[in-house]
Amino acid sequence: MSKRLRLSPQTLQVFETFLQSPKEWRYGYDISRDTDLKSGTLYPILMRLADHKLLETAWEATDPGKPPRHMYRLTADGLRFAREELRGRIGRRASRPALGRA
Amino acid sequence: MSRALQFASRFLHVVVKHLPAESQPWGRAILREMDFIQSPWSLLSWSIGGACALFVYSVRLQLSTFFQETLGDIKRSGPKQTIVGLLWGLGIAGILLGSCVLGYSALLHIPRLQQRWDRVIDAGLIFLLPEAAYLLAISQLWPRRRSAAIGILLAAAILFTHVVFHHVAHI
(Lines give C-alpha, C1' and ligand atoms only; values in the text may rest on other atoms or scores of the structure.)
Protein backbone atom coordinates (compact mmCIF):
# COMPACT_ATOMS: atom_id res chain seq x y z
CA MET A 1 0.00 0.00 0.00
CA SER A 2 2.72 2.43 1.04
CA LYS A 3 4.51 1.86 -2.27
CA ARG A 4 1.81 3.81 -4.08
CA LEU A 5 2.14 6.79 -1.76
CA ARG A 6 3.38 9.92 -3.48
CA LEU A 7 6.24 11.28 -1.44
CA SER A 8 6.46 15.02 -1.86
CA PRO A 9 9.06 17.12 0.00
CA GLN A 10 6.19 18.25 2.26
CA THR A 11 5.33 14.63 3.16
CA LEU A 12 8.96 14.06 4.07
CA GLN A 13 8.84 17.18 6.22
CA VAL A 14 5.82 15.74 8.04
CA PHE A 15 7.68 12.43 8.50
CA GLU A 16 10.65 14.28 9.96
CA THR A 17 8.40 16.02 12.47
CA PHE A 18 6.80 12.75 13.56
CA LEU A 19 10.19 11.06 13.83
CA GLN A 20 11.45 13.68 16.29
CA SER A 21 9.30 12.02 18.97
CA PRO A 22 7.85 8.87 17.41
CA LYS A 23 5.62 7.76 20.27
CA GLU A 24 4.13 11.14 21.02
CA TRP A 25 0.67 12.13 19.74
CA ARG A 26 0.68 15.39 17.75
CA TYR A 27 -2.05 17.94 17.02
CA GLY A 28 -2.72 19.25 13.51
CA TYR A 29 -1.93 22.87 14.31
CA ASP A 30 1.30 21.92 16.09
CA ILE A 31 2.47 19.94 13.06
CA SER A 32 1.52 22.88 10.87
CA ARG A 33 3.66 25.23 12.98
CA ASP A 34 6.60 22.82 13.10
CA THR A 35 6.61 22.21 9.36
CA ASP A 36 5.38 25.63 8.22
CA LEU A 37 2.74 23.88 6.13
CA LYS A 38 -0.71 25.44 5.70
CA SER A 39 -3.81 23.42 6.49
CA GLY A 40 -4.53 23.03 2.75
CA THR A 41 -1.21 21.22 2.32
CA LEU A 42 -0.91 19.46 5.67
CA TYR A 43 -4.32 17.81 5.94
CA PRO A 44 -4.29 16.10 2.52
CA ILE A 45 -0.94 14.57 3.59
CA LEU A 46 -2.37 13.40 6.93
CA MET A 47 -5.49 12.04 5.20
CA ARG A 48 -3.40 10.13 2.68
CA LEU A 49 -1.12 8.71 5.36
CA ALA A 50 -4.14 7.61 7.41
CA ASP A 51 -5.74 6.00 4.31
CA HIS A 52 -2.53 4.04 3.77
CA LYS A 53 -2.55 2.96 7.45
CA LEU A 54 0.74 4.75 8.05
CA LEU A 55 -0.84 7.19 10.48
CA GLU A 56 -3.08 6.48 13.43
CA THR A 57 -5.55 9.01 14.72
CA ALA A 58 -7.29 9.43 18.06
CA TRP A 59 -9.62 11.90 19.72
CA GLU A 60 -8.54 13.54 22.94
CA ALA A 61 -11.19 14.99 25.23
CA THR A 62 -9.62 18.17 26.58
CA ASP A 63 -11.83 20.80 28.20
CA PRO A 64 -15.29 19.76 29.40
CA GLY A 65 -18.02 21.09 27.11
CA LYS A 66 -15.58 21.46 24.23
CA PRO A 67 -15.36 19.04 21.32
CA PRO A 68 -12.43 16.57 21.44
CA ARG A 69 -9.19 17.27 19.63
CA HIS A 70 -7.78 15.08 16.87
CA MET A 71 -4.29 13.69 17.41
CA TYR A 72 -1.91 11.88 15.12
CA ARG A 73 1.14 9.64 15.27
CA LEU A 74 2.81 7.23 12.87
CA THR A 75 1.89 3.55 13.10
CA ALA A 76 4.63 0.91 13.35
CA ASP A 77 4.44 0.52 9.55
CA GLY A 78 4.48 4.29 9.17
CA LEU A 79 7.57 4.65 11.34
CA ARG A 80 9.40 1.95 9.39
CA PHE A 81 8.36 3.48 6.07
CA ALA A 82 9.29 7.02 7.13
CA ARG A 83 12.70 5.95 8.41
CA GLU A 84 13.45 3.96 5.26
CA GLU A 85 12.38 6.78 2.98
CA LEU A 86 14.32 9.45 4.83
CA ARG A 87 17.41 7.23 5.05
CA GLY A 88 17.09 6.48 1.32
CA ARG A 89 16.84 10.16 0.44
CA ILE A 90 19.84 11.09 2.58
CA GLY A 91 21.83 8.20 1.05
CA ARG A 92 20.95 9.25 -2.50
CA ARG A 93 21.83 12.86 -1.74
CA ALA A 94 25.23 11.85 -0.30
CA SER A 95 26.13 9.62 -3.25
CA ARG A 96 25.29 12.32 -5.80
CA PRO A 97 28.46 13.97 -7.19
CA ALA A 98 28.92 17.52 -5.98
CA LEU A 99 29.07 19.65 -9.12
CA GLY A 100 31.39 22.60 -9.20
CA ARG A 101 33.75 21.26 -6.59
CA ALA A 102 37.39 20.59 -7.38
CA MET B 1 -10.65 42.14 11.25
CA SER B 2 -13.37 40.61 13.37
CA ARG B 3 -15.43 40.17 10.20
CA ALA B 4 -12.64 38.11 8.70
CA LEU B 5 -12.62 36.01 11.86
CA GLN B 6 -16.36 35.52 11.80
CA PHE B 7 -16.25 34.65 8.13
CA ALA B 8 -13.44 32.11 8.66
CA SER B 9 -15.29 30.36 11.45
CA ARG B 10 -18.70 30.40 9.80
CA PHE B 11 -17.32 29.34 6.44
CA LEU B 12 -15.65 26.22 7.84
CA HIS B 13 -18.70 25.39 9.99
CA VAL B 14 -20.90 25.46 6.89
CA VAL B 15 -18.41 23.34 4.91
CA VAL B 16 -18.16 20.73 7.69
CA LYS B 17 -21.95 20.64 8.11
CA HIS B 18 -22.41 19.71 4.46
CA LEU B 19 -19.64 17.13 4.26
CA PRO B 20 -20.48 13.48 3.58
CA ALA B 21 -20.38 11.25 6.68
CA GLU B 22 -16.97 9.71 5.82
CA SER B 23 -15.24 13.11 5.75
CA GLN B 24 -16.92 14.43 8.93
CA PRO B 25 -14.15 13.38 11.37
CA TRP B 26 -11.53 15.27 9.34
CA GLY B 27 -13.86 18.25 9.14
CA ARG B 28 -14.37 18.29 12.90
CA ALA B 29 -10.60 17.89 13.41
CA ILE B 30 -9.73 20.92 11.26
CA LEU B 31 -12.52 22.95 12.83
CA ARG B 32 -11.40 22.15 16.38
CA GLU B 33 -7.82 23.27 15.68
CA MET B 34 -9.16 26.75 14.96
CA ASP B 35 -9.69 27.18 18.72
CA PHE B 36 -5.92 27.16 19.19
CA ILE B 37 -4.96 29.66 16.46
CA GLN B 38 -4.38 33.21 17.70
CA SER B 39 -3.71 35.32 14.60
CA PRO B 40 -6.82 36.32 12.61
CA TRP B 41 -5.08 35.94 9.26
CA SER B 42 -3.75 32.51 10.21
CA LEU B 43 -7.31 31.59 11.15
CA LEU B 44 -8.63 32.74 7.80
CA SER B 45 -5.90 30.89 5.95
CA TRP B 46 -6.50 27.76 8.09
CA SER B 47 -10.21 27.90 7.35
CA ILE B 48 -9.88 28.31 3.57
CA GLY B 49 -7.03 25.78 3.27
CA GLY B 50 -8.94 23.30 5.42
CA ALA B 51 -12.10 23.73 3.34
CA CYS B 52 -10.11 23.06 0.14
CA ALA B 53 -8.51 19.96 1.67
CA LEU B 54 -11.91 18.66 2.81
CA PHE B 55 -13.47 19.34 -0.58
CA VAL B 56 -10.73 17.46 -2.46
CA TYR B 57 -10.84 14.58 0.06
CA SER B 58 -14.64 14.28 -0.21
CA VAL B 59 -14.60 14.34 -4.01
CA ARG B 60 -11.83 11.70 -4.03
CA LEU B 61 -13.83 9.49 -1.66
CA GLN B 62 -17.03 9.87 -3.68
CA LEU B 63 -15.24 9.09 -6.94
CA SER B 64 -13.53 6.07 -5.45
CA THR B 65 -16.88 4.77 -4.10
CA PHE B 66 -18.49 5.41 -7.49
CA PHE B 67 -15.79 3.48 -9.38
CA GLN B 68 -15.81 0.63 -6.87
CA GLU B 69 -19.60 0.30 -7.08
CA THR B 70 -19.53 0.46 -10.86
CA LEU B 71 -16.76 -2.14 -11.08
CA GLY B 72 -18.67 -4.33 -8.62
CA ASP B 73 -21.79 -4.08 -10.77
CA ILE B 74 -19.84 -4.98 -13.90
CA LYS B 75 -18.29 -7.99 -12.14
CA ARG B 76 -21.67 -9.14 -10.84
CA SER B 77 -23.56 -8.82 -14.10
CA GLY B 78 -20.70 -10.07 -16.33
CA PRO B 79 -18.99 -8.25 -19.20
CA LYS B 80 -21.45 -9.42 -21.85
CA GLN B 81 -24.49 -8.00 -20.10
CA THR B 82 -22.60 -4.81 -19.30
CA ILE B 83 -21.73 -4.25 -22.97
CA VAL B 84 -25.34 -4.92 -23.96
CA GLY B 85 -26.49 -2.41 -21.32
CA LEU B 86 -23.96 0.18 -22.51
CA LEU B 87 -25.04 -0.23 -26.14
CA TRP B 88 -28.67 -0.03 -25.07
CA GLY B 89 -27.97 3.26 -23.26
CA LEU B 90 -26.02 4.65 -26.23
CA GLY B 91 -28.87 3.58 -28.54
CA ILE B 92 -31.50 5.42 -26.45
CA ALA B 93 -29.27 8.49 -26.36
CA GLY B 94 -28.79 8.31 -30.14
CA ILE B 95 -32.55 8.02 -30.80
CA LEU B 96 -33.20 10.98 -28.51
CA LEU B 97 -30.57 13.13 -30.19
CA GLY B 98 -31.81 12.03 -33.62
CA SER B 99 -35.35 13.13 -32.73
CA CYS B 100 -34.03 16.50 -31.58
CA VAL B 101 -32.06 16.96 -34.82
CA LEU B 102 -35.18 16.07 -36.85
CA GLY B 103 -37.22 18.57 -34.82
CA TYR B 104 -34.52 21.17 -35.41
CA SER B 105 -34.52 20.55 -39.18
CA ALA B 106 -38.33 20.80 -39.26
CA LEU B 107 -38.26 24.13 -37.40
CA LEU B 108 -35.65 25.52 -39.79
CA HIS B 109 -38.25 25.32 -42.56
CA ILE B 110 -40.21 28.09 -40.87
CA PRO B 111 -38.48 31.23 -42.25
CA ARG B 112 -39.48 33.54 -39.35
CA LEU B 113 -38.06 31.19 -36.76
CA GLN B 114 -34.94 30.69 -38.82
CA GLN B 115 -34.24 34.41 -38.97
CA ARG B 116 -34.99 35.39 -35.38
CA TRP B 117 -34.49 32.35 -33.18
CA ASP B 118 -31.93 30.34 -35.09
CA ARG B 119 -29.29 30.35 -32.33
CA VAL B 120 -31.78 29.76 -29.52
CA ILE B 121 -33.35 26.81 -31.33
CA ASP B 122 -29.92 25.48 -32.19
CA ALA B 123 -28.67 25.59 -28.59
CA GLY B 124 -31.97 24.42 -27.11
CA LEU B 125 -32.72 21.51 -29.40
CA ILE B 126 -29.25 20.27 -30.18
CA PHE B 127 -27.68 20.74 -26.76
CA LEU B 128 -29.86 21.76 -23.80
CA LEU B 129 -32.87 19.53 -24.41
CA PRO B 130 -30.90 16.33 -25.10
CA GLU B 131 -28.53 16.96 -22.17
CA ALA B 132 -31.50 17.58 -19.82
CA ALA B 133 -33.19 14.42 -21.06
CA TYR B 134 -29.94 12.47 -20.63
CA LEU B 135 -29.55 13.65 -17.05
CA LEU B 136 -33.15 12.72 -16.29
CA ALA B 137 -32.70 9.28 -17.85
CA ILE B 138 -29.43 8.72 -15.97
CA SER B 139 -31.03 9.60 -12.63
CA GLN B 140 -33.92 7.24 -13.32
CA LEU B 141 -31.88 4.34 -14.67
CA TRP B 142 -28.95 4.57 -12.24
CA PRO B 143 -30.37 2.44 -9.40
CA ARG B 144 -31.80 -0.32 -11.64
CA ARG B 145 -29.87 -0.46 -14.93
CA ARG B 146 -26.50 1.06 -14.23
CA SER B 147 -24.75 -0.06 -17.41
CA ALA B 148 -27.46 1.56 -19.55
CA ALA B 149 -27.17 4.72 -17.44
CA ILE B 150 -23.39 4.71 -18.04
CA GLY B 151 -24.06 4.40 -21.78
CA ILE B 152 -26.25 7.50 -21.65
CA LEU B 153 -23.67 9.27 -19.49
CA LEU B 154 -21.07 8.49 -22.13
CA ALA B 155 -23.33 9.94 -24.84
CA ALA B 156 -23.93 13.06 -22.70
CA ALA B 157 -20.18 13.51 -22.27
CA ILE B 158 -19.54 13.05 -26.01
CA LEU B 159 -22.24 15.60 -26.91
CA PHE B 160 -20.90 18.07 -24.33
CA THR B 161 -17.34 17.71 -25.62
CA HIS B 162 -18.54 18.07 -29.21
CA VAL B 163 -20.41 21.30 -28.40
CA VAL B 164 -17.41 22.74 -26.53
CA PHE B 165 -15.04 21.96 -29.41
CA HIS B 166 -17.56 23.31 -31.93
CA HIS B 167 -17.81 26.63 -30.09
CA VAL B 168 -14.07 26.93 -29.56
CA ALA B 169 -13.48 26.27 -33.27
CA HIS B 170 -16.08 28.84 -34.37
CA ILE B 171 -15.26 31.72 -32.02
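Residues numbered from 1 in each chain as written. Chains lettered and ligands numbered in written order. Predicted model: local features only at pLDDT ≥ 70, side-chain atom pairs only at ≥ 80, totals over all residues. Heavy atoms only, no water.

It is worth spelling out the confidence of the model for chain B at this point. All names here are of chain B. With 96% of its residues at a pLDDT of at least 70, chain B reaches an overall mean of 86. Per-residue pLDDT, averaged within each element of chain B, yields its smallest value for helix α5 (residues 111-116) (68) and its largest for helix α2 (residues 24-33) (94). Scored as a complex, the prediction yields pTM 0.68 and ipTM 0.84. (pLDDT = per-residue confidence, 0-100. Helix = DSSP H or I, 4+ residues; strand = E, 2+ residues; numbered from the N terminus.)

Residue and element names in this part refer to chain B. A rise of 1.5 Å per residue sets the reference length of helix α4 (residues 79-108), with its 30 residues, at 44 Å; its end C-alpha atoms lie 43 Å apart and thus fit the reference within 8%. Among all positions in α4, only Thr 82, Gly 85, Gly 89, Ala 93, Cys 100 and Tyr 104 are buried. The secondary structure elements touched by the buried residues of α4 are α3 (40-77), α6 (118-141) and α7 (146-170). (Expected span 1.5 Å × (residues − 1). Buried < 20%, exposed > 50% of the residue type's maximum accessible area, 1.4 Å probe, protein only. Contact = heavy atoms within 4.5 Å.)

Our focus in this paragraph is the interface of chain B and chain A. If you look at the interface, chain B gives 18 residues, while chain A gives 24 residues. Roughly 1700 Å² is buried in total at the junction of chain B and chain A, and carbon and sulfur atoms are behind 65% of that figure. Connecting chain B to chain A are 2 salt bridges. With a closest N to O distance of 3.5 Å, Arg 60 of chain B and Asp 51 of chain A form a salt bridge. Our count for the chain B to chain A interface comes out at 6 residue pairs in polar contact (both at pLDDT 80 or more). Here the side of chain B that touches chain A gets 8 residues from one element, more than from any other, and that element is α3 of chain B. Split by residue class, the side of chain B that touches chain A holds 10 nonpolar, 3 polar and 5 charged. (Buried area = accessible area lost by both parts, 1.4 Å probe. Salt bridge = Lys/Arg side-chain N within 4 Å of Asp/Glu carboxyl O. Polar contact = N/O pair within 3.5 Å; in protein donor to acceptor, adjacent residues only side chain to side chain. Nonpolar A, V, L, I, M, F, W, Y, C, P; charged D, E, K, R; others polar.)

Closest axis-to-axis distance for the helix α3 (residues 39-51) of chain A/α2 of chain B pair is 12 Å, and the angle between their directions is 140°. Taken together, the axes of α3 of chain A and α2 of chain B are oblique relative to one another. In this structure, the crossing between α3 of chain A and α2 of chain B has a hand that is right-handed. Each of Tyr 43, Leu 46, Met 47 and Ala 50 of chain A in α3 of chain A lies in contact with α2 of chain B, whose residues at this interface are Trp 26, Ala 29, Ile 30 and Glu 33 of chain B. Grouping the constituent residues of the contact of α3 of chain A with α2 of chain B by class yields 7 nonpolar, no polar and 1 charged. (Axes fitted to C-alpha atoms, helices over the stretch in contact; angles between N-to-C directions. Parallel < 35°, antiparallel > 145°, perpendicular 65-115°, else oblique. Left-handed = near helix turned anticlockwise from the far one by under 90°.)

Residues and elements named next belong to chain A. With antiparallel pairing, 3 strands are arranged side by side in an open sheet as β1-β3-β2. Each edge of the open sheet carries a strand with a single partner, namely β1 (26-27) and β2 (55-60). Where β1 lies against strand β3 (residues 69-74), 2 bridges are found, and the strand directions are antiparallel. Its bridge partner being in β3, Tyr 27 is matched across the sheet by Met 71. Against the sheet, helix α1 (residues 9-20) makes contact with β1, β2 and β3, and its axis sits at roughly 90° relative to β3, the strand it touches most. (Pairing = 2+ DSSP bridges.)

So, about the packing of aromatic side chains. Here the distance between the centres and the angle between the planes together describe a pair of aromatic rings. Counted according to the given criterion, the structure contains 11 aromatic pairs over all chains. On the numbers, 5.8 Å between centres and 5° between planes, the contact of Tyr 72 of chain A with Trp 26 of chain B is stacked. Of the two residues, Tyr 72 of chain A is situated in strand β3 and Trp 26 of chain B in helix α2; the pairing between them involves two chains. The exposure classification of Tyr 72 of chain A matches that of Trp 26 of chain B, with both residues buried. Looking at Arg 69 of chain A, its charged tip hangs above the ring of Tyr 27 of chain A, at a distance of 3.8 Å from the centre. The lysine or arginine in question, Arg 69 of chain A, covers the ring of Phe 36 of chain B, its NZ or CZ lying 3.4 Å from the ring centre. (Phe/Tyr/Trp six-rings, centres within 6.5 Å; stacked < 30°, edge-to-face > 60°. Lys NZ or Arg CZ within 6 Å of the ring centre and 35° of its normal.)

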